[in-house]
Amino acid sequence: MTKELKGWHVAAMFCAGFGIIIAVNLTLAFNAVSTFPGLEVGNSYIASQQFEDKRIAQQTLGWTAQAEHVAGRLELTLSDATGAPVRPETLDVTVGRATHVAADVTPEMVFDGRVHAALVTLDSGHWLVRLTATAADGTVFEQRLPLKVGG
């Protein structure tokens, strides 16, 4: 024996279905907003005015950067235009996820004559290495290097 489908049954299914959709959307929106780290720069107009000068100065250095994570060790290779290792005056490195800052670490990099390295434990997945180095002449070199850890 089957029961008759009445109007209030359809209204309840309609409300339940859309209630679930709205709840999921609100949860995702809240998580997206609460994990976003915020502004990249304080004043985008001023940053845009300085961008080209910084880019030209950085290109003039001729430096390249690569990052690898092998057996719990973060290796950062800085090379000049000839491929020789570079040891900058200052080097600041932050490793974190691209989507949030909760897992960010700032390792103390040590130069071994070939690479800058530090012991860093990173979970599998995609990471972002943000580095800022200063050349002997005061030129700032900034790079963001994607880093994939594990398979």
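Everything in this summary refers to the structure shown in the same document.

Helices and strands together make up the secondary structure of the protein chain, namely 2 helices and 7 strands. Beginning at the N terminus, the succession of helices and strands in the protein chain can be written as α-α-β-β-β-β-β-β-β. Radius of gyration (C-alpha) of the protein chain: 24 Å, far over the 15 Å computed for a compact globule of 151 residues. Going through the 151 residues of the protein chain one by one, you find that 25% of them count as buried. Taking the contacts inside the protein chain whose residues are at least 6 apart along the sequence as the reference set, 58% of them involve residues at least 24 apart. Only carbon and sulfur atoms are counted for the fraction: they give 60% of the accessible area of the protein chain, which is about 10700 Å².

Here the second largest pocket is characterised by a volume of approximately 160 Å³. What lines the second largest pocket is a set of 13 residues, among which Thr90, Leu91, Asp92, Glu108 and Met109 lie closest to the centre. Ranked by residues supplied to the lining of the second largest pocket, first place goes to strand β3 (residues 90–96) with 4 residues. Here the lining of the second largest pocket is composed, by residue class, of 6 nonpolar, 3 polar and 4 charged.

Next up on the list: helix α2 (residues 44–61). Under the 1.5 Å per step criterion, the end-to-end length of α2 is 25 Å for 18 residues, consistent within 8% with the ideal 26 Å. Among the residues trailing α2, Gly62 stands out with phi positive, at a value near 80°.

As a further point, take the nonpolar core. If you look at the biggest cluster of nonpolar residues, it comprises 23 residues, and the most contacted ones within it are Leu74, Val93, Val129, Leu131, Phe141 and Leu147. Ignoring anything within four residues of it in the chain, the contact list for Val93 reads Leu74, Leu76, Val105, Thr106, Pro107, Met109, Val129, Arg130 and Leu131.

With that out of the way, let us pick up the environment of Leu145. Note that Leu145 resides in strand β7 (residues 140–149). Assessed through its relative accessible area of 8%, Leu145 is described here as buried. In this structure, the C-alpha to C-alpha distance between Leu145 and Val129, residues 16 residues apart in sequence, is 5.0 Å. Apart from the residues lying within four places of it in its own chain, the contact partners of Leu145 are Ala65, Gln66, Ala67, Leu76, Trp127, Leu128, Val129 and Leu131.

All right, on to a nonpolar patch on the surface then. Side chains of Phe14, Phe18, Ile21, Ile22 and Leu26 sit close together on the surface and give an oily, nonpolar patch of about 530 Å² of accessible area. Tracing the sequence through the fold places Ile21 in helix α1 (residues 7–35). For Ile21, a relative accessible area of 46% corresponds to the partly exposed category.

With respect to the helices, strands and loops of the structure, His100 is situated in the loop between β3 and β4 (110–111). In the structure, His100 is positioned 68 residues away from Ala32 in sequence and 9.6 Å away in space, judged by C-alpha atoms.

For the rest of this paragraph, the subject is the pattern of salt bridges. Tallying each qualifying case throughout the model produces 4 salt bridges. Two residues, Glu75 and Arg73, come together in a salt bridge whose shortest N-O distance is 2.9 Å. Looking at Glu75, the relative accessible area reads 14%, which means it is buried. Note on Arg73: relative accessible area 28%, which makes it partly exposed. A salt bridge links Arg130 to Asp104, with the shortest nitrogen-to-oxygen separation between them at 2.8 Å. In this pair, Arg130 is assigned in strand β6 (residues 125–134) and Asp104 in the loop between β3 and β4, connecting sequence segments 26 residues apart. On the accessibility criterion, Asp104 (26% relative accessible area) is partly exposed. Overlapping salt bridges bring together Arg73, Glu75 and Asp112 as one network.

Conventions adopted
- In this numbering scheme, every chain counts its residues from 1 along its sequence in written order.
- Thresholds applied to this predicted model are a pLDDT of at least 70 for local features of residues and 80 or more for the giving and counting of side-chain atom pairs; totals over whole chains, interfaces and linings are not thresholded and use all residues.
- Only heavy atoms go into the side-chain values, all of them from the structure, while hydrogens and water stay out.
- The helix and strand labels rest on DSSP assignments: H or I over at least four residues marks a helix, E over at least two residues marks a strand, and numbering proceeds from the N terminus.
- The reference for a compact globule is 2.2 Å times residues^0.38; the radius of gyration itself is calculated from the C-alpha atoms.
- In this scheme, a residue with accessible area under 20% of its type's maximum is buried, one over 50% is exposed, and one in between is partly exposed, where area comes from a 1.4 Å probe on protein chains only.
- Contacts are assigned to residue pairs that have any heavy atoms within 4.5 Å of one another.
- Each accessible area is a Shrake-Rupley result for a 1.4 Å probe, and residues are judged covered by the shown protein chains and nothing else.
- A cavity here means a set of 1 Å grid points, computed over protein atoms only, where a 1.4 Å probe fits but cannot escape. A pocket is an open set with protein on both sides within 12 Å along at least 5 of 7 lines, and lining residues have an atom within 4 Å of a point.
- Grid points are joined across faces, edges and corners, and a volume is the space filled by probe spheres set on the points.
- By the convention adopted, Pro, Cys, Tyr, Trp, Phe, Met, Ile, Leu, Val and Ala count as nonpolar, Lys, Arg, Asp and Glu as charged, and the other residues, Gly among them, as polar.
- For a helix, the expected span equals 1.5 Å multiplied by the residue count minus one.
- By nonpolar core we mean a set of buried residues, namely Ala, Val, Leu, Ile, Met, Phe, Trp, Tyr and Cys, connected to one another through side-chain atoms within 4.5 Å.
- Exposure above 30% relative accessible area and the absence of a salt bridge qualify a residue for a patch, where like charges join within 9 Å and nonpolar side chains (Val, Leu, Ile, Met, Phe, Trp, Tyr) within 5 Å.
- One side-chain nitrogen of Lys or Arg within 4 Å of one carboxyl oxygen of Asp or Glu is enough to make a salt bridge.

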